[in-house]
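# Residue-level structural notes
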Amino acid sequence: MRIFDPHIHMTSRTTDDYERMAAAGVRAVVEPAFWLGQPRTSAASFTDYFDSLIGWEPFRAGQFGVRHFATIALNPKEANDPRCRPVLDLLPRYLDKDAVVAVGEIGYDSMTPEEDEAFAAQLALAVAYDLPALVHTPHRDKARGCERTLAVVAESGIDAGRVVVDHLNEVTVKLVRDSGCWLGFSIYPDTKMTPQRMVELLREYGTDRMLVNSAADWGRSDPLLTRATGEAMLAAGFSDDDVDRVLWRNPVEFYGQSGRLDLSDLEDPAAVDPQTGNSILRGGS
Ligand SMILES: [Zn+2]
């Protein structure tokens, strides 16, 4: 089973995790910039954090044979802190980097006017830099948060096929599916979405545009829940090809839209164009 975790915060995980992930089949990850728990007091802290997401962390992942990419943004929670707002001006410098495959995590935490503004500004950056966007949805008041999220996405003019709306559940899945956006599901150890509930959603809605992630961070979480979801799919009668689509080809297709997802060293030879020798992932579709 080959696995691409499209949303995981490796900064807060140990080398044991990298080892276990690699053994479980995780070959590539995307690490979105997020809130670190301790509020940051200046934009300079973000510079160091963003640099580590595109420098140190890919190096650390590489030691375990895991490819590491990042998404960069001012996260929704800290968008409310005036000390962090200047981060918006730092973003263009990072959105040009090859290791950055999307703008994210953006979206809503408490749905304040400050969050509205940062969300819209960063969707505009995604359009300007021709990058996909990773959108976080609030863990409270999910349906309302999701509706408002989709309205802002639609208003921004970004192609819905270049947006993933994340942390979905049974309440929000249909809304997002009807919007044309990609659907992100974070599988957690004992709250919110579980592997079993995910399997039910895949049964009902199919595998198209579906992304499964562990969203593992410094809270209670488990980087192997992508693998557990693959196992649960197989046990429920899904084929190996279905599992590969959800856990590998879907995230590759989504982030491949950045034109920066070079996985040529990981691919099976059949995925390389025999005419040009180029990886089909380069330049993305
Ligand atoms: Zn996250």
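Quick summary incoming for the structure in this document. These numbers were taken from a predicted model, which means no experiment stands behind them. (Residues numbered from 1 in each chain as written. Predicted model: local features only at pLDDT ≥ 70, side-chain atom pairs only at ≥ 80, totals over all residues. Heavy atoms only, no water.)

### Overview of the side chain of Asn75
Which entries qualify depends on this criterion: Labels follow the DSSP assignment, with helices taken as runs of H or I lasting at least four residues and strands as runs of E lasting at least two, numbered in each case from the N terminus. Note on exposure labels: buried denotes an accessible area under 20% of the residue type's maximum, exposed denotes more than 50%, and partly exposed covers the range between, all computed with a 1.4 Å probe on protein chains only. Any pair of N or O atoms that falls within 3.5 Å is considered a polar contact. Within protein, one atom must be able to donate a hydrogen and the other to accept it, and sequence-neighbouring residues count only if both atoms are side-chain atoms. Contacts: residue pairs with any heavy atoms within 4.5 Å of one another.
Here Asn75 lies in the loop between β3 (67-72) and α4 (87-95). Relative accessible area serves as the criterion here: at 3%, Asn75 is assigned to the buried category. Only 2.7 Å separates the side chain of Asn75 from the side chain of Glu78, close enough to count as a polar contact. Leaving out residues up to four positions away in the same chain, Asn75 has contacts with Phe34, Trp35, Arg40, Phe46 and Glu105.

### What about the pairing of strand β4 (residues 100-107)?
What counts is decided by this rule: In this description, strands pair whenever DSSP reports at least two bridges between them. With its strands directed away from the observer, a crossover is right-handed exactly when the path from the first strand over the helix to the second travels clockwise.
Within β4, eight of the eight residues are buried, which leaves the element mostly enclosed by the surrounding structure. Alignment of β3 against β4, held across three bridges, turns out to be parallel. Paired with Thr71 across the bridge in β4 is Ala102. Note: β4 against strand β5 (residues 133-136), three bridges, orientation parallel. In the strand pairing of β5, Ile106 is matched with Val135. In the classification by handedness, the crossover that spans β4, the intervening helix α5 (residues 113-128) and the parallel β5 is right-handed.

### Remarks on the sheet that holds strand β8 (residues 210-213)
For clarity, the cut-off: Here an axis means a line fitted to C-alpha atoms, over the contact stretch when the element is a helix, while the angle between two N-to-C directions is reported on a 0 to 180 degree scale.
The sheet built from eight strands is open, its strands ordered β1-β2-β3-β4-β5-β6-β7-β8 with parallel pairing. The open sheet is flanked by β1 (3-5) and β8, the only strands paired with a single partner. Averaged over neighbouring strand pairs, the angle between their axes works out to 25° when direction is ignored. Across four bridges, the pairing between strand β7 (residues 182-186) and β8 is parallel. Residue Phe185 lies in a different strand from β8, and its bridge partner there is Val212. Across the sheet, α5 lies against β4 and β5, angled at about 160° from β4, the strand it touches most.

### Comments concerning the environment of Phe119
Relative to the elements of secondary structure, Phe119 occurs in helix α5. As for Phe119 and Pro76, which are separated by 43 residues in sequence, their C-alpha atoms are 7.5 Å apart. With near-sequence residues (within four places) excluded, Phe119 lies in contact with Ile106, Gly107, Tyr108, Val135, Thr149, Val152 and Val153.

### Notes on the packing of α5 against helix α6 (residues 142-156)
For clarity, the cut-off: Should an angle fall under 35 degrees it is taken as roughly parallel, and over 145 as roughly antiparallel, whereas 65 to 115 is taken as roughly perpendicular and any remaining angle as oblique. Here a crossing is called left-handed whenever its near helix is offset anticlockwise from the far helix by less than a right angle, and right-handed whenever the offset is clockwise.
Contact pair α5 / α6: the axes reach a minimum separation of 10 Å and the direction vectors enclose 45°. The angle between α5 and α6 falls in the class oblique. Relative to α6, the crossing made by α5 is right-handed. Within the contact between the two elements, α5 uses Asp116, Phe119, Leu123 and Val127 and α6 uses Arg148, Thr149, Val152, Val153 and Ser156.

### Quick word on the pattern of salt bridges
Formally: We count a salt bridge whenever a side-chain nitrogen from Lys or Arg sits within 4 Å of a carboxyl oxygen from Asp or Glu.
Scanning all chains against the criterion turns up 19 salt bridges. For the salt bridge of Arg60 with Glu57, the shortest nitrogen-to-oxygen distance reads 2.9 Å. Here Arg60 pairs with Glu57, and both are found in helix α3 (residues 56-62), just three residues apart, close to one helical turn. Taking relative accessible area as the criterion, Arg60 reaches 11% and is therefore assigned buried. The partner of Arg203 in a salt bridge is Glu200, with the nearest N and O atoms 2.8 Å apart. Placement of the pair is Arg203 and Glu200 together in helix α8 (residues 195-205), with a separation of three residues, close to one helical turn. Using a relative accessible area of 48% as the deciding quantity, one classes Arg203 as partly exposed. You can call Glu200 partly exposed: its relative accessible area is 39%. Taken together, the shared-partner salt bridges in this structure form one network comprising Arg2, Asp241, Asp244 and Arg249.

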